[in-house]
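# Secondary and tertiary structure notes
The residues making up each chain are set out below.
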There are 2 protein chains.
Amino acid sequence: MKNDPRWKTALYTTETYNEEGLEGHAFVPEGLNLQTSSPMNDHPGTNPEQLLGMSLSTCLVATMQAVEHEHQLEHHAKVRTKIAYIGERAHYEFLVHAQICVPGVDLTTAAKLVAEVEKRCCVSQLLSGSPNYSIEAVEPWY
Amino acid sequence: MKNDPRWKTALYTTETYNEEGLEGHAFVPEGLNLQTSSPMNDHPGTNPEQLLGMSLSTCLVATMQAVEHEHQLEHHAKVRTKIAYIGERAHYEFLVHAQICVPGVDLTTAAKLVAEVEKRCCVSQLLSGSPNYSIEAVEPWY
């Protein structure tokens, strides 16, 4: 992967770090610096679950924007991602479930758009090999 | 997945949203609210690439903490994740490459710890089905 020639023709690259630990900071050099903490205590800070959910939600809504545009629809889609931390000592997993609503469009049509987005969204592609990832079209939540 | 019984016994669950678009906000209800923007312009804001990288970096460093502890090592590991956005119209992908350094430990030993972490880190597990994800132990970067 390190020698994958596709890195050289990338449209954009970024680097992120955590040099401390779960109780630490996730940061982008000369960019965002976020306090992190375990989801199992009440310390301030975000965590891997929330960061992954925000990444997926944003990538899905961005891809929906493109797909709505291609279908001559105004952009109204909204994305919610639920993440669970499950397991026990030395074997933990995340469950990831994304929900997309498309106000103004019936649920059958929304499901077709979501099926297209599931394949095209870059984060969705990365997760698609996992049985713990799922996505569905839902009725608008408001 | 919606009906997966494992959701009911989760140790922790969270919800994240983006209800606007790539130029919008990713947020956790009553939690973090981050401005997002396209990586292809200079608008302020983070993006799916950085959020995914920060999630993976934090999850990997947290898992390294546990693994170092199990091996009676002090925690010194640091994680850097590089993300690339590649492709062209209607087919885009992310490349994800994580690097872990373990100051005070030789590279062969570090590589063994990283191999263990690769399988145990929850975010790494989710990405492990993708040929676009890789991880390696590297010499300390400082």
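Throughout what follows, the structure given in this document is the object of discussion. Computed from a prediction, not measured in an experiment: that's the story for all the values here.

Assigned secondary structure in chain A consists of 3 helices and 6 strands. Scanning chain A from its N terminus toward the C terminus, one meets helices and strands in the order β-β-β-α-β-β-α-α-β. Judged by the C-alpha coordinates and their principal axes, chain A covers about 45 × 40 × 30 Å. Within chain A, the fraction of its 142 residues that count as buried is 56%. A fraction of 46% describes how many contacts in chain A between residues 6 or more apart in sequence connect residues 24 or more apart. Carbon and sulfur atoms form 51% of the exposed surface of chain A, whose accessible area is close to 6,500 Å². Each charge class in chain A can be summarised by its mean position, and for the 10 positive and 18 negative side chains these summaries are 7 Å apart.

Along the chain, Asn132(B) turns up in the loop between α3 (122-127) and β6 (133-138). What makes Asn132(B) buried here is its relative accessible area of 6%. Polar contacts involving the side chain of Asn132(B) include one to the side chain of Arg6(A), which spans 3.0 Å.

One frequently used descriptor of interface size is the decrease in accessible area upon assembly of the parts. Tallying the contact residues gives 78 residues for chain B and 78 residues for chain A. In total, chain B and chain A occlude about 6,900 Å² of area from one another, counting both sides; carbon and sulfur atoms represent 64% of this. Considering only the surface of chain B that becomes buried against chain A, Leu11(B), Tyr12(B) and Leu126(B) emerge as the three largest contributors, covering 11% of it. Across the contact surface, chain B and chain A share 4 salt bridges. Its salt-bridge partner being Glu15(A), residue Lys82(B) comes within 3.8 Å of it at the nearest N-O pair. Of all the secondary-structure elements, those providing two or more residues to the side of chain B that touches chain A are β1 (12-18), β2 (24-27), β3 (33-36), α1 (48-70), β4 (78-88), β5 (91-101), α3 and β6 of chain B. No other element matches α1(B), which puts 15 residues into the side of chain B that touches chain A.

Time to look at the pattern of salt bridges. Across all of its chains, the model carries 10 salt bridges over all chains by this definition. Two residues, Arg6(A) and Asp4(A), come together in a salt bridge whose shortest N-O distance is 2.9 Å. A salt bridge links Glu93(A) to Arg6(B), with the shortest nitrogen-to-oxygen separation between them at 3.5 Å. Taken as a pair, Glu93(A) in strand β5 (residues 91-101) and Arg6(B) in the segment before β1 lie in two separate chains rather than in one. A residue is classified by how much of its surface remains accessible, and Arg6(B), at 29% relative accessible area, is partly exposed.

What counts as what
Residues numbered from 1 in each chain as written. Chains lettered and ligands numbered in written order. Predicted model: local features only at pLDDT ≥ 70, side-chain atom pairs only at ≥ 80, totals over all residues. Heavy atoms only, no water. Helix = DSSP H or I, 4+ residues; strand = E, 2+ residues; numbered from the N terminus. Buried < 20%, exposed > 50% of the residue type's maximum accessible area, 1.4 Å probe, protein only. Contact = heavy atoms within 4.5 Å. Areas by Shrake-Rupley, 256 points an atom, 1.4 Å probe, with all protein chains shown as cover. Lys, Arg positive; Asp, Glu negative; His and termini not counted. Charge placed at Lys NZ, Arg CZ, Asp CG, Glu CD. Polar contact = N/O pair within 3.5 Å; in protein donor to acceptor, adjacent residues only side chain to side chain. Buried area = accessible area lost by both parts, 1.4 Å probe. Salt bridge = Lys/Arg side-chain N within 4 Å of Asp/Glu carboxyl O.

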